[in-house]
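Structural overview
What follows is each chain in one-letter form.
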Amino acid sequence: MTITPAVAIAGIVMVALTFYVLFAGADFGGGVWDFLASGPRKKDQRDVISHALAPIWEANHVWLILVIVLLFMCFPTVFSTIVIVLHIPLTLMLFGIVLRGSAFIFRSYGSTRDAAQQWWGRVFAIASIVTPVFIGMCVGAIAKGIAWGSYPASFGNPTHLPFVSDFILPWLTWFGFGVGLMALALFSYLAAVYLTVETEGTPLQEDFRTRALWAAAAVFVIAFGVLALSWSAAPMVRRALMGGSWALPFHIVTGIAAVIAIAALWTRRYRLARAAAAAQVTFILWGWAAAQYPFLLPPSLTIEGAAAPMRTLVLALWALAAGACVLFPSLYYLFRIFKMQKRT
Amino acid sequence: MPDILAARSQMGMSLAFHIIFAVIGIGLPALMVIAEYRWRRTGDAVYLELAKRWSRGAAILFAVGAVSGTVLSFELGLLWPEFMKQAGPIIGMPFSLEGFAFFTEAIFLGIYLYGWDRISARAHVIAGIVVAVSGAVSGIFVVIANAWMNTPRGFTLVDGRFTNIDPLAAMMTPAAFPQTLHMTLAAYAATGFAVAGIHAAMLLRDPKNAFHRHAFAIAILVGAPAALIQPLSGDISARYVAAQQPVKLASMEGDFVTMRGAPLRIGGIPNEDEGRTNYSIEIPKGLSFLATHDVNAEIKGLNDFPRDVWPPVAIVHIAFQVMVALGSFMALVSLLVLVMLWRKRDVTSMRWLMTAIVLAAPMGFICIEAGWTVTEVGRQPWVIYGILRTADAVTPMPGLIVPFLAFTTLYIFLGVIVVWLLYKQVMRSPSERDLLSMQAGTA
Ligand code: HDD
Ligand code: HEM
Ligand code: HEM
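The present account deals with the structure reproduced in this document. (Residues numbered from 1 in each chain as written. Chains lettered and ligands numbered in written order. Predicted model: local features only at pLDDT ≥ 70, side-chain atom pairs only at ≥ 80, totals over all residues. Heavy atoms only, no water.)

**Examining the coordination of the iron atom of ligand 2**
A lone protein donor contacts the iron atom of ligand 2, and this donor is E376 of chain B (OE), found at 2.0 Å. Relative to the elements of secondary structure, E376 of chain B occurs in helix α12 (residues 363-379). (Donors = N, O, S within 2.8 Å, 3.2 Å for Na, K, Ca; no water. Helix = DSSP H or I, 4+ residues; strand = E, 2+ residues; numbered from the N terminus.)

**Examining the side chain of T199 of chain A**
Residue and element names in this part refer to chain A. Relative to the helices and strands, T199 resides in the loop between α8 (174-198) and α9 (204-233). A distance of 3.3 Å separates the side chain of T199 from the backbone oxygen of T196, its partner in a polar contact. Among residues more than four places away in sequence, those in contact with T199 are V48, L204, Q205 and F208. (Polar contact = N/O pair within 3.5 Å; in protein donor to acceptor, adjacent residues only side chain to side chain. Contact = heavy atoms within 4.5 Å.)

**Observations regarding the packing of aromatic side chains**
For any pair of aromatic rings, the description consists of the separation of the ring centres together with the inter-plane angle of the planes. Residues and elements named next belong to chain A. Counted by the stated rule, this structure contains 29 aromatic pairs over all chains. Ring geometry for F19 versus F328: centroids 6.2 Å apart, planes at 55°, classification tilted. Remark: F328 occurs in helix α14 (residues 310-340) and F19 occurs in helix α1 (residues 5-35); sequence separation between them is 309 residues. Under the relative-accessibility criterion, F19 is labelled partly exposed at 22%. An angle of 80° between the planes, with centres 6.3 Å apart, marks the rings of W174 and F177 as edge-to-face. Of the two residues, W174 and F177 are both situated in helix α8; the distance of three residues between them amounts to about one turn of the helix. (Phe/Tyr/Trp six-rings, centres within 6.5 Å; stacked < 30°, edge-to-face > 60°. Buried < 20%, exposed > 50% of the residue type's maximum accessible area, 1.4 Å probe, protein only.)

**Structural notes on the interface of chain A and chain B**
In this complex, chain A contributes 69 residues to the contact, which on the side of chain B involves 67 residues. Taking both partners together, chain A and chain B bury about 6400 Å²; carbon and sulfur atoms supply 78% of that area. Here chain A and chain B share one salt bridge between them. Across the pair R311 of chain A and D166 of chain B runs a salt bridge, and its minimum N-O distance is 3.0 Å. The interface formed by chain A and chain B contains five residue pairs in polar contact (both at pLDDT 80 or more). Listing elements by their share of the side of chain A that touches chain B, those giving two or more residues are α3 (57-74), α4 (76-85), α5 (87-109), α6 (114-144), α7 (163-168) and α14 of chain A. Of the residues in the side of chain A that touches chain B, the class split is 51 nonpolar, 16 polar and two charged. (Buried area = accessible area lost by both parts, 1.4 Å probe. Salt bridge = Lys/Arg side-chain N within 4 Å of Asp/Glu carboxyl O. Nonpolar A, V, L, I, M, F, W, Y, C, P; charged D, E, K, R; others polar.)

Okay, structure coming up:
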């Protein structure tokens with residue numbers, strides 16, 4: 001594999017997606033635990049989730065926008081195929097994003113009447129559960145491979161289309177649903193592990209520890225389910241994950257990260273657990289990416305084949321380099337203020 | 001409803017919704033920081049209360065701005081995949097720079113809103129300034145992308161395909177400067193007047209209230225200068241439109257017949273079939289002068305162009321008239337306010353002027369919606385002016401009326417709630433006693 005500008009940008013898209021999952025994913029997971037809050041400390045659980053999210057969720061969410069922008073700038077055919085074929089799940093996902101973000105803020109700043117707050121809390125929690133499933137379904141559809149064949153190269157509005165086979169079947173599959181559940185489980189897992197660190201020294205820590213362990217178990221079960229479903233649904237990804245030359249080492253590092261995370265949770269070493277869980281999720285994402293390589297969008301669009309003209313790619317890299325110089329120090333500052341200082 | 005119409009309506013509706021929050025996202029941080037800065041300088045706790053209330057408002061408005069903006073980034077593709085496929089590599093540049101501006105804005109907004117007790121006073125004010133600046137910068141980048149749709153540059157067209165593309169040249173497109181200037185000023189004018197108008201209304205009832213006096217003073221000082229120069233900036237815009245998009249100019253003016261020394265039409269209703277604009281007041285040679293600064297210049301009328309490149313003339317003309325009429329009123333009010341301030345008069349005691357400011361409160365936002373209608377509807381039938389027709393860019397996905405209605409319902413619902421929350425959170429005015437105890441608290 002040679003690192004051309006197109007490959008570099010595809011890599012950056014994956015990095016942005018990884019950050020989205022690690023940060024914004026955990027914000028969705030927070031909503032899941034809000035929904036499942038229970039026991040004597042139910043209200044405290046919700047409060048700590050809300051405090052953890054408030055200062056960072058908007059920034060976390062911008063990673064998704066970066067992914068989208070890079071796709072349409074640098075891989076325009078990939079972008080246009082995805083937005084055509086996955087119109088329905090993407091729209092549903094957007095609905096979820098809108099409802100979740102606004103419900104969260106309406107709850108925090110809204111009326112102090114309990115009934116209204118509870119109502120917004122519900123909307124926030126349910127949208128946090130539904131949205132990751134649609135995100136996962138889109139990812140599943142991409143891994144399985146989508147194409148827009150009947151869309152003519154020279155444009156014109158095609159009139160009669162077989163609606164179901166073009167716009168529903170590509171994403172509404174058991175495999176897609178499995179990946180959706182996988183996303184939900186991973187997000188919840190990350191959130192629970194992060195929250196153990198956030199609740200250092202309070203009884204809530206035990207609550208989130210239990211939740212993290214359950215979520216880890218769910219991830220494990222669903223991962224096998226998805227692998228089994230990929231047998232017929234996404235043969236390319238499955239073949240690579242089972243037989244590729246890098247497959248074995250990859251499974252080993254992912255496995256090691258998972259074992260460390262669980263062991264650290266078990267022995268209550270939460271900071272280690274947090275690092276290991278993040279590593280585990282990162283490996284899973286990059287495993288998917290590697291399994292697809294050199295395809296950005298199977299079955300036909302490769303990274304090089306779908307890339308925009310060289311000048312655009314080079315400028316995009318410059319813009320990314322300049323942006324990174326602003327972004328990373330700012331992000332570090334944000335997280336230092338809200339995540340590294342002890343709660344007052 | 002045909003799919004193309006549903007797609008256009010959904011795009012227009014989403015943008016019309018987002019722009020309100022985006023504009024406040026540019027203007028309100030400026031007000032908030034000025035209030036905080038005043039508090040740090042004077043120690044007057046009323047300013048602190050103001051900064052805190054405004055930032056509570058900002059938190060709500062930014063969240064809705066962020067989610068509706070996310071919807072837009074997807075909608076560009078969901079509704080116009082062919083447009084994005086072709087234009088993405090050319091105008092992706094301002095969008096990606098905008099992405100980093102969003103990051104900066106969202107990060108420092110988090111720091112500003114939740115960091116009152118966690119960072120130093122100085123760092124807090126700086127965080128607020130960063131929010132204000134990056135908000136303006138994100139607006140500028142996205143408007144550059146839109147400017148390219150009006151005056152596409154930076155490529156060679158071979159068989160209807162873009163080749164030899166140069167994203168930097170695309171950003172230097174002739175519409176970029178007029179549009180970004182006009183839009184940025186619009187954001188300050190609209191936010192400044194809206195906030196000033198609300199507090200002016202309160203002051204008419206309760207003239208001594210220090211909270212409203214402070215708020216009013218800050219807001220009008222942001223809004224009035226911007227609104228005062230807005231007609232000049234609008235003139236720059238009009239001249240670029242005259243040079244680059246003669247069909248749009250003719251529609252704005254309701255001008256069907258080409259002539260030298262064309263009159264400026266005020267008001268009136270264009271009738272496309274009769275080919276004339278009825279009931280308007282005409283100022284001789286006015287249009288030739290305004291569009292080119294030469295009273296005898298020739299202005300092309302719509303009849304010189306084939307009907308299939310006309311935009312919906314009446315909509316464009318009426319929207320333009322609304323913007324200019326309300327914009328002129330705002331500029332006049334601003335002029336009076338600034339003259340009074342310069343002569344050291346107490347504006348808040350002039351009931352007639354205060355009433356005019358209350359009237360002007362919604363006008364900036366109306367101008368913005370009207371102005372964008374001029375720009376976007378006036379560009380029809382093109383999505384990329386002269387190159388790609390909107391009808392050829394739309395997604396093949398059928399049934400687009402469903403997402404259009406769904407998003408419309410969702411946005412109406414959100415809009416109602418936001419207004420209700422702001423009303424409860426930000427506008428409930430503190431009583432005289434609250435204010436005294438506030439001031440006593442820090443003194
Ligand atoms: C507070 C808001 C506001 C005010 C007071 C005005 N405008 Fe405006 N106008 C806008 C807000 C706006 C806008 C919404 O921001 C637009 C849409 C696109 C753009 O760049 O700015 C716009 C567009 C726009 C255009 C079209 C540019 C294009 O198609 O690209 C012209 C010719 C003018 N304006 C001219 C004027 C004039 C002569 C005004 C005199 C009073 C005026 N505007 C006041
Ligand atoms: C926020 C202020 C804006 C408003 C209120 C606005 C309004 C509108 C409206 C009303 C339409 C429908 C026009 C019609 O079909 O008759 C439209 C179309 C469109 N706008 Fe804008 N617009 C705004 C800014 C932008 C920006 C910044 C961009 C791109 C960078 C953009 C891109 C588009 C596209 C792609 C379409 C669809 C194609 C078309 O109808 O030409 N708009 N907009
Ligand atoms: C096609 C058009 C547009 C797209 C795709 C778009 C996209 C977005 C996105 C994704 C966000 C959220 C950023 C975040 O998560 O913090 C956003 C917010 C914002 N947009 Fe837009 N936008 C468009 C039009 C405009 C226009 C015309 C302006 C103004 C001039 C504007 C100014 C802003 C500002 C200032 C914010 C941040 C403030 C806020 O969050 O309320 N946008 N936009």
